[in-house]
Amino acid sequence: MTPSQLRATLKLRAFPPHGIVDVQRRTLARLHRLADVGTLATIDVDVWGSHAVADSMTDHECAASTEAVSDFERWAESRGYTLAPAFAYRECGSMIDDETREVTVVPLVTLAVYEGDRLEAVYPHADGDRVRTVGDGIETLEAIAPPSDDRSGDPARERDPSENRGERLLVAPGR
């Protein structure tokens, strides 16, 4: 992976449980620091619902979530990884009709790393018995970051993660 060509997509679950918003903000702040030093060219933030539906949907946001999960699954499969246990697969019944649908319950935080348009990594994922977390993914990116003046603890260098600093914010309504 070439740092200047990398872009990150951070997918955050809408309406997370209490306490998770701080984790999401800290994760975004770490990615911003990587962008500041040139490791990441761009950061996209996508807020998605709690699950993606496996069958075809007419709703654009739901279809985009389902497509992203499919892309992530293809990436994992091509490398001998799995997205489980972080991505959970369930059957969900309808209260309107007798149909059941397969749904994928998505993690509270997901990181996808692209080089150009090619998906290079998805976190979390499992490699055999080892689960690779979003934190592991960020540590991998930090390892390829160019040397800095190491002022990471300097409050003047810290970003307020609630500010939109040029990342593209893509919002899908909670499901």
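Conventions we followed
- Residues numbered from 1 in each chain as written.
- Predicted model: local features only at pLDDT ≥ 70, side-chain atom pairs only at ≥ 80, totals over all residues.
- Heavy atoms only, no water.
- Pairing = 2+ DSSP bridges.
- Helix = DSSP H or I, 4+ residues; strand = E, 2+ residues; numbered from the N terminus.
- Axes fitted to C-alpha atoms, helices over the stretch in contact; angles between N-to-C directions.
- Core = buried A, V, L, I, M, F, W, Y, C linked by side-chain atoms within 4.5 Å.
- Buried < 20%, exposed > 50% of the residue type's maximum accessible area, 1.4 Å probe, protein only.
- Contact = heavy atoms within 4.5 Å.

(A) Up close: the sheet that holds strand β4 (residues 88-93). Taking strand neighbours across the sheet as the criterion, the three strands line up as β3-β5-β4 in an open arrangement whose pairing is antiparallel. At either end of the open sheet lies a strand with only one pairing partner, and these are β3 (51-53) and β4. Neighbouring strand axes in the sheet, compared pairwise and without regard to direction, differ in orientation by 35° on average. Pairing analysis gives three bridges linking β3 to strand β5 (residues 100-105), with the strands arranged antiparallel.

(B) View of the nonpolar core. Judged by nonpolar contacts, the single largest core of 32 residues is most densely connected at Leu-31, Leu-40, Phe-72, Leu-111 and Leu-141. Elements represented by at least two residues in this core include exactly β1 (6-13), α1 (20-36), β2 (42-48), α2 (60-78), β6 (109-115), β7 (118-123) and α3 (134-143).

(C) Geometry of the side chain of Thr-104. On the secondary structure map, Thr-104 appears in strand β5. By relative accessible area, which is 5% here, Thr-104 ends up buried. Setting aside residues up to four positions removed in sequence, Thr-104 forms contacts with Ser-50, His-51, Ala-52, Val-69, Glu-73, Phe-87, Ala-88 and Tyr-89.

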